Structure formats: structure tokens, C-alpha cells
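Here's the letter readout for the chains.
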Amino acid sequence: MGAAVLVIALVALAVAAGLRPARRPEIDEFASATGLHTTATSRAFIGYYLETGRRLRTLLVLSALFLPALVGEALGVQRDGFTIAGQWVLGACLVGTLWAELALTRQAGRRRAASLEPRRLGTYLGRPLLWGPALAGAAGAVVWTGVPLVSQVGPDSAGFS
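The structure presented is a predicted model; accordingly, all values stated were derived computationally and were not measured.

S.K.: Now, about the overall build of the chain: what can you tell me, with residues and values included?
M.R.: Counting secondary structure elements, the chain contains six helices and zero strands. Along its sequence from the N terminus, the chain presents helices and strands in the succession α-α-α-α-α-α. For the chain, the residues scored as buried account for 16% of the 161 residues in total. As presented, the chain carries roughly 12900 Å² of accessible surface, and 67% of it is formed by carbon and sulfur atoms.

S.K.: Please set out the pattern of salt bridges residue by residue, giving values where relevant.
M.R.: Opposite charge on two side chains makes pairing possible when the charged atoms of those side chains draw close. Per the counting criterion, the structure on display carries three salt bridges. One salt bridge in this structure joins Arg 54 and Glu 26, with 3.1 Å as the shortest N-O distance. In this pair, Arg 54 is assigned in helix H3 (residues 40-75) and Glu 26 in helix H2 (residues 24-34), connecting sequence segments 28 residues apart. For Glu 26, a relative accessible area of 22% translates into the label partly exposed. Arg 43 serves as the salt-bridge partner of Asp 28, at 2.8 Å between the closest nitrogen and oxygen. Of this pair, Asp 28 sits in helix H2 while Arg 43 sits in helix H3; the two residues are 15 residues apart in sequence, bridging distant segments of the chain. Shared partners join several salt bridges into a network, and the residues in it are Arg 20, Glu 26 and Arg 54.

S.K.: Which residues make up the side chain of Arg 54, and what are the values?
M.R.: Among the residues examined, Arg 54 registers a relative accessible area of 14% and is labelled buried. Setting aside residues up to four positions removed in sequence, Arg 54 forms contacts with Ala 17, Gly 18, Arg 20, Pro 21, Ala 22 and Glu 26.

S.K.: An account of the nonpolar core is requested, with residue identities and associated values reported.
M.R.: Ala 22, Ile 27, Ala 31, Ile 46 and Leu 50 together form the largest nonpolar core, which totals five residues. If you list the elements that add at least two residues to this core, you get H2 and H3. With sequence-adjacent residues up to four places away left out, Ala 31 is seen in contact with Leu 36, Thr 38 and Ile 46.

S.K.: So what's going on with the packing of aromatic side chains? Residues and values would help.
M.R.: Applying the stated criterion across every chain yields a total of three aromatic pairs. Geometrically, the ring pair formed by Phe 30 and Tyr 49 is tilted, given 5.9 Å between the ring centres and 45° between the ring planes. Taken together, the residues Phe 30 in helix H2 and Tyr 49 in helix H3 connect sequence positions 19 residues apart. Take Tyr 49: its relative accessible area is 35%, and that puts it in the partly exposed class. An angle of 40° between the planes, with centres 6.4 Å apart, marks the rings of Phe 45 and Tyr 48 as tilted. With Phe 45 and Tyr 48 both in helix H3, this residue pair falls three residues apart, about one helical turn.

Cut-offs used in this document
- Starting afresh in each chain, residues are numbered from 1 along the sequence in its written order.
- Totals for whole chains, interfaces and linings use every residue, but because this is a predicted model, local features are given only for residues with pLDDT of at least 70 and side-chain atom pairs only at 80 or more, for both listing and counting.
- Only hydrogens and water are set aside; all other atoms, that is, all heavy atoms of the structure, feed into the side-chain values.
- Secondary structure counts use DSSP, requiring at least four H or I residues in a row for a helix and at least two E residues in a row for a strand, with both numbered from the N terminus.
- Burial classes follow relative accessibility: with a 1.4 Å probe on protein chains only, a residue under 20% of its type's maximum area counts as buried, one over 50% as exposed, and anything between as partly exposed.
- Per-residue and other accessible areas follow the Shrake-Rupley method at a 1.4 Å probe size, with only the shown protein chains counted as cover for residues.
- Every case where a carboxyl oxygen of Asp or Glu lies within 4 Å of a side-chain nitrogen of Lys or Arg is listed as a salt bridge.
- In this analysis, two residues are considered to be in contact whenever any of their non-hydrogen atoms come within 4.5 Å of each other.
- Nine residue types can take part in a nonpolar core, namely buried Ala, Val, Leu, Ile, Met, Phe, Trp, Tyr and Cys, and a core is a set of them joined through side-chain atoms within 4.5 Å.
- By convention, a stacked pair of Phe, Tyr or Trp rings (six-membered ring in the case of Trp) has centres within 6.5 Å and planes under 30 degrees apart, an edge-to-face pair has planes over 60 apart, and any other such pair is tilted.

Here you go:
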């Protein structure tokens, strides 16, 4: 009984920590770590971003911890069948990630603001991801250029008739 109370208390603390609003020091730390020059509007957005991200991560972790057992119990799956429940959790994680991307696009409000900082892909992506699509496209073009040559070679020209 004592262990159950301890687990419930720890879960309650984790949920409370995940649902709390972003504090001024967190916003300042985020702004200085990313080199942002902030205004009141951007500080409000950073706070919203940090709060929403933390809440969605808390929801994702809690669902990953408890959802497999709940789904397994609901489906009547025995202990050895938790791989099916694990697939459901993976699906929930993917949905949570999509939800986070859609929810964190911009803060809703009367006044809209845009960043005038130019963005470059090299800041976000490594060299393999920058050059990979171009190289794959070039390789595909080379292969497709050779397709007419391969189709002209048939059983008759190879001497298999």
C-alpha cells in the first residue's frame, strides 16, 4: 500500500511540474541560449512555447508509461502480448509529436508578429541532409538515362533464343 501511495505521489509531482507555467528565468535562459533579442511579445511567445512543449512532453511520457498496460488490459492481452500495446504507444507518440508541431506554430492573439531574421537550412540540417536529396536525384537521373539501353537488350540479343 505504501509503494502505491509513493508512485501516485511521484506521478502527481511529475504532472504538476509538467503543467506549471514558464517562469521568467527560464525565458531569459532560453533567449540568451539562442541569442534572441526579446520584446514583450516575443517573451510571451517564448513562455507559451516552453509551457506547451513541457506539457506535451509530460503527456507523452505519462501515456508511454501507462498506456501499454491500459491497452493490454482493455484488449485482454496477456503479459507476453505487450508488443501490440507498444505499437499503440508508438502511434500515440507520433500523434503527440504531430500535435506538438501543430500547436507550437505561433501564439494566437490579436497582434501578429514576424521574425525578420533570415533562416538558412544549414543552421538546422547537417551536410548529409542538405546534399542527400540532390545526390539521390542525380543518381536517379543517371539510372533512368540508362533504362532505354537496358530495355534494348533482350533474350534475343543475349543469345538465349
